[in-house]
Amino acid sequence: MNDRKLGPNDPCHCGSGKKYKKCHQAQDQSASQGAPAPAKTEARRDPLILNEEEREGMRKACAFNASVMDYIRDLVKPGMTTGAIDTLVHDYTVEHGHTPATLGYRGFTKSCCTSVNDVICHGIPGPLVLKDGDIVNVDLTSIVDGWYGDQSETLFIGDVSDLAVAVTQCSFDAMWSAIDALEPGCKVKEIGRAIQKVAKASGFSVVKDFFGHGIGRRFHQRPHVPHFAENRHGSEILRPGMCFTIEPMINTGTWRAVIDESDGWTAYTTDGGLSAQFEHTILMTETGPEVMTLTKHGPQRGHHFTSPASVKA
């Protein structure tokens, strides 16, 4: 893994909010230094570029992860705790012979993330009871035969406000706008440019503290995927065979975040405004982006969100 583009004082690519030097830098350098030298008769191959067999491994992991999302979506109701969501995710994953990626990851204690209202990301499931009017992002990552599938959706709890609908729609539209902006050989920067355009048009802000990321046999790797137009990481080329996530976090107010000092994970908006997020795992192919975590029953490209109250009316 080549991390030359990531400076020691930059936010770590894993999304922990910590500086790279205090998080994954040593691990990445160790992995790079300890990698076995290729045989003289074999051409050196970039491990970030997946061959067809490896792509199939990712497809299976992402398809299973999408099935978890389809399973959990309609079970999330008012009066349910976020801990109950985690139990359902954990049990479903394990019963199918697979592994929840977040459980034990760098000390994270749960099998998914549940981020409610003003929580931007990395919310830890627990005793919090979901109530009518809340929004909750459920972030799932599964390990299937050593491959990682990763995605998230923001869900409505009962009847939500017009503002909650709008910021959720913005995040969803921004994600798809970024996907549709991609083509083989384009720069990562195109992702952030597309997301910023959608957010600006809606009057919302794009979180800058947490990135999308490369994914494969590792949870977090290159390319680093900022959701705003940024040159340092945005100059990397998206080549066929690369897998990565696009996961815009959109806030109703300021883009700035603060991490809960008591748990070291939960990231809140600094002004208490709402935050919404959607995420898909993407494979860049020779002909364009392949969305690997599409669900069978969830919102598809072009979906229009409404509060249940609006539907009833």
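Residues numbered from 1 in each chain as written. Predicted model: local features only at pLDDT ≥ 70, side-chain atom pairs only at ≥ 80, totals over all residues. Heavy atoms only, no water.

Visitor: Sorry, what's going on with the packing of helix α4 (residues 162–180) against helix α5 (residues 189–202) here?
Guide: Working note: a packed helix pair is described by the angle between its axes plus the distance between those axes. In contact at an axis separation of 8 Å, α4 and α5 are set at 150 degrees when each is read in the N-to-C sense. As summarised for this structure, α4 and α5 are arranged roughly antiparallel, according to the angle between their axes. Crossing hand, α4 versus α5: right-handed. Residue-level inspection shows Cys 170, Asp 173, Ala 174, Ser 177 and Ala 178 of α4 in contact with α5, the latter providing Ile 191, Ala 194, Ile 195, Val 198, Ala 199 and Ser 202. For the contact of α4 with α5, a count of residues per class yields eight nonpolar, two polar and one charged. (Axes fitted to C-alpha atoms, helices over the stretch in contact; angles between N-to-C directions. Helix = DSSP H or I, 4+ residues; strand = E, 2+ residues; numbered from the N terminus. Parallel < 35°, antiparallel > 145°, perpendicular 65-115°, else oblique. Left-handed = near helix turned anticlockwise from the far one by under 90°. Contact = heavy atoms within 4.5 Å. Nonpolar A, V, L, I, M, F, W, Y, C, P; charged D, E, K, R; others polar.)

Visitor: Any chance you could explain the pairing of strand β8 (residues 221–225) here in plain terms?
Guide: Along a regular strand, successive side chains alternate from one face of the sheet to the other. Counting buried positions over the five residues of β8 gives five, a clear majority of the element. Inspection of the sheet shows strand β7 (residues 212–214) paired to β8 by three bridges, in the antiparallel sense. Note on β8: the bridge partner recorded for Gly 212 is Val 225. Between the antiparallel neighbours β7 and β8 lie six residues. (Buried < 20%, exposed > 50% of the residue type's maximum accessible area, 1.4 Å probe, protein only. Pairing = 2+ DSSP bridges.)

Visitor: Explanation requested: the nonpolar core in the structure shown.
Guide: Residues Leu 182, Ile 191, Ile 195, Leu 238, Phe 244, Ile 246 and Ile 250 are the most contacted members of the largest nonpolar core, which totals 37 residues. Among the secondary structure elements, those contributing two or more residues to this core are α4, α5, β9 (243–246) and β14 (280–284). In terms of residues, this core owes the most to one element, α4, which gives 10 residues. Ignoring sequence-local partners within four residues, the contact set of Phe 244 consists of Leu 182, Ile 191, His 213, Gly 214, Ile 215, Pro 223, Val 225, Leu 238, His 280, Thr 281, Ile 282 and Met 284. (Core = buried A, V, L, I, M, F, W, Y, C linked by side-chain atoms within 4.5 Å.)

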